[in-house]
Amino acid sequence: MKIARVETFLVPPRWLFCRIETDDGVVGWGEPVVEGRAEVVRSAVEVLAEYLVGQDPLRIQDHWQVLSKGGFYRGGPVLSSAVAGIDQALWDIAGRALGVPVHTLLGGPVRDTVRVYAWVGGDEPARLKEEVTAQVEAGFTAVKMNAAGRTPPIGSPAETAAVVERVAAAREALGPHRDVAVDFHGRFSAANARRVLHEMAPLHPLFVEEPVLPEQAHLLPGLVAASSVPLATGERLYGRADFLPVLTAGVAVAQPDLSHAGGISEVTRIASLAETFGAHLAPHCPLGPIALAASLQVAFATPNFLIQEQSRGIHYNKDADLLSYLVDTEPFRFVDGQAHRTALPGLGIAVDEDAVRAADRSGHAWRNPVWRHADGSFAEW
């Protein structure tokens, strides 16, 4: 069996899919994308495909080494995301060729269900209660929300109180037996994060995500020491070497993205590294169905897994949704906030190829917004 063809598809709302076909007709799918830079990653996949065509698709680890390191210059979001999507597709091919789920190839399942959470925004307390209540009624036991929008370096008492008020509204709607995670999105300075974490601690968040920017990992030990709130980070880290300092700093939750951090191959290694620090895995995934399917396969086989993000109903999905490109949506039917393990081969989903090809004909040019503070200076989005 040899790789015969590598194709990419730019599909709304902001995704890039990769299709790899072998000479005997086995097809695997992956999702290599940097949100807002999908076209750039598409070009990277095309360059990497020059090496892949004609190769044995089952030499997944060897291909990962060559694609990640064989160009001399390594790492970064574009290359790591291109490799990630290819890696997902190769694992999909392996599972389909052997007739087993990817989690079987990773050593077998360690759980039967995977807890997932829903996204609820967090911009306005009254609406937030409604959104949280709707997710509770849908069966979810955990939600994630933004802490704030544009955030000054040092917040005023009113701005700090507004963050805490929104989290309190979510906590009231959830009650004491469900969880809220709070995303700082790298918008907070370390000083501001320290102050808000202290005020938020009595509300018992499941974790606070990206309390500071990823390039400020050296500030994390102080934040870990200053607060009882579990800290999480990792959506903008791309490999084990990136995760080592944040795990050493004491973060409780590692959040690699299966479409950014080198795919299934590297995320399983990141999970093992995290386990040695007593940290848990909560893969980042506000993306499409292939990225989520890959994340779930890893989750089923990872002992130190915590919870899984998924994008149903997220505000990015205006032109298409998580289920838009699937033949059968049953694998993503969440019952009581849980995804259930199946014996379906590969990544466990069937991609609607006709829908993907049709969507690619119009494509997309999604870009994240550029924010500014009131004084006109750049603000972190």
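Residues numbered from 1 in each chain as written. Predicted model: local features only at pLDDT ≥ 70, side-chain atom pairs only at ≥ 80, totals over all residues. Heavy atoms only, no water.

Thoughts on the nonpolar core
Among soluble globular proteins, nonpolar side chains are generally buried collectively.
Working step 1: Counting 109 residues, the largest nonpolar core has Phe17, Ile20, Ile86, Val182, Phe184 and Phe332 as its most contacted members.
Working step 2: Counting contributing residues, this core receives three or more from each of domain 1 (3–101) and domain 2 (104–346).
Working step 3: Excluding its chain neighbours within four sequence positions, the residues that come into contact with Phe184 are Ala147, Ala193, Val196, Leu197, Met200, Val208, Glu209, Glu210 and Pro211.
Working step 4: Residues Ala142, Leu206, Ala232 and Val253 belong to the second largest nonpolar core, which totals nine residues. (Core = buried A, V, L, I, M, F, W, Y, C linked by side-chain atoms within 4.5 Å. Buried < 20%, exposed > 50% of the residue type's maximum accessible area, 1.4 Å probe, protein only. Domains from an automatic or database assignment. Contact = heavy atoms within 4.5 Å.)

Details of the pattern of salt bridges
Working step 1: According to the stated counting rule, one finds 21 salt bridges in the structure shown.
Working step 2: We note a salt bridge from Asp112 to Arg341, for which the minimum N-O separation is 2.5 Å. Pair noted here: Asp112 is in the loop between helix H4 (102–105) and strand E4 (113–119) and Arg341 is in the loop between strand E12 (338–340) and helix H12 (353–362), with a separation of 229 residues, a long-range link. (Salt bridge = Lys/Arg side-chain N within 4 Å of Asp/Glu carboxyl O. Helix = DSSP H or I, 4+ residues; strand = E, 2+ residues; numbered from the N terminus.)

Examining H12
The periodicity of an α-helix, 3.6 residues per turn, causes residues three or four places apart in sequence to face the same way.
Working step 1: With a side-chain oxygen lying 3.3 Å from the backbone nitrogen of Asp354, the N-terminal cap of H12 falls on Asp352.
Working step 2: Downstream of H12 by a residue or two, Gly363 has a phi angle that is positive, lying close to 65°. (Polar contact = N/O pair within 3.5 Å; in protein donor to acceptor, adjacent residues only side chain to side chain.)

Digging into the side chain of Glu35
Working step 1: Position of Glu35 relative to the elements: it lies in the loop between strand E3 (27–30) and helix H1 (38–52).
Working step 2: One buried charge, Glu35, has no salt-bridge partner; the nearest side chain with opposite charge is Arg14, at 4.2 Å.
Working step 3: In this structure the side chain of Glu35 is engaged in a polar contact, spanning 2.8 Å, whose partner is the side chain of His260. (Lys, Arg positive; Asp, Glu negative; His and termini not counted.)

Details of helix H2 (residues 60–69)
Working step 1: If you check which residues of H2 are buried, you get Ile60, His63, Trp64, Leu67 and Ser68. Along the axis of H2, the buried positions cluster into a sector of 120°, meaning they face one direction only.
Working step 2: Looking at the packing, one finds that the buried side of H2 touches H1, helix H3 (77–98), helix H9 (240–249) and helix H10 (263–276). (Arc of directions from axis to C-beta.)

Side note on the UniProt feature "domain: Mandelate racemase/muconate lactonizing enzyme C-terminal" (unreviewed entry) in the protein
Working step 1: Residues annotated in UniProt with the feature "domain: Mandelate racemase/muconate lactonizing enzyme C-terminal" (unreviewed entry) correspond here to residues 125–230.
Working step 2: Regarding residues 125–230, the helix share stands at 46% and the strand share at 11%, and the terminal C-alpha atoms are separated by 23 Å. (UniProt positions renumbered as here; feature names shortened; annotations may be inferred.)

Things to note about the packing of aromatic side chains
Working step 1: Scanning the entire structure with this criterion turns up 10 aromatic pairs.
Working step 2: Each ring, one from Phe9 and one from Trp29, has its centre 5.8 Å from the other, and the planes form 35°; the classification is tilted. Taken together, the positions of Phe9 in strand E1 (residues 3–11) and Trp29 in strand E3 put the pair 20 residues apart, joining distant regions of the chain. Taken as a pair, Phe9 and Trp29 share a single burial class, namely buried.
Working step 3: Among the aromatic residues, ring-to-ring pairing joins Trp15, Phe17 and Tyr325 into one connected group.
Working step 4: The ring of Tyr316 has Arg14 sitting right over it, with the charged end atom 3.5 Å from the ring centre.
Working step 5: The ring centre of Trp64 lies 4.5 Å from the NZ or CZ of Arg269, which sits over that ring. (Phe/Tyr/Trp six-rings, centres within 6.5 Å; stacked < 30°, edge-to-face > 60°. Lys NZ or Arg CZ within 6 Å of the ring centre and 35° of its normal.)

Notes on the state of the cysteines
Working step 1: Within this structure, the stated rule accounts for zero disulfides.
Working step 2: No disulfide involves Cys18; its sulfur sits 16 Å from that of Cys285, the nearest cysteine.
Working step 3: Here Cys18 falls in the buried class, since its relative accessible area comes to 0%. (Disulfide = S-S within 2.5 Å.)

Here's the deal with the domain arrangement of the protein
Working step 1: Structurally, the protein comprises domain 1 (3–101) and domain 2 (104–346).
Working step 2: With centres defined by C-alpha atoms, the gap from domain 1 to domain 2 works out at 25 Å.
Working step 3: Domain 1 puts 31 residues into the contact, and the matching count from domain 2 is 36 residues.
Working step 4: Summed over both sides, the interface of domain 1 with domain 2 buries roughly 2,700 Å², with 61% coming from carbon and sulfur.
Working step 5: Contact with domain 2 buries area across many residues of domain 1, yet Trp15, Trp91 and Pro101 alone supply 25% of it, more than any other trio.
Working step 6: Inspection of the region where domain 1 meets domain 2 yields zero salt bridges.
Working step 7: Elements represented by at least two residues in the side of domain 1 that touches domain 2 include exactly strand E2 (15–22), E3, H2 and H3.
Working step 8: If you tally residues by element for the side of domain 1 that touches domain 2, the top one is H3, at 12 residues. (Buried area = accessible area lost by both parts, 1.4 Å probe.)

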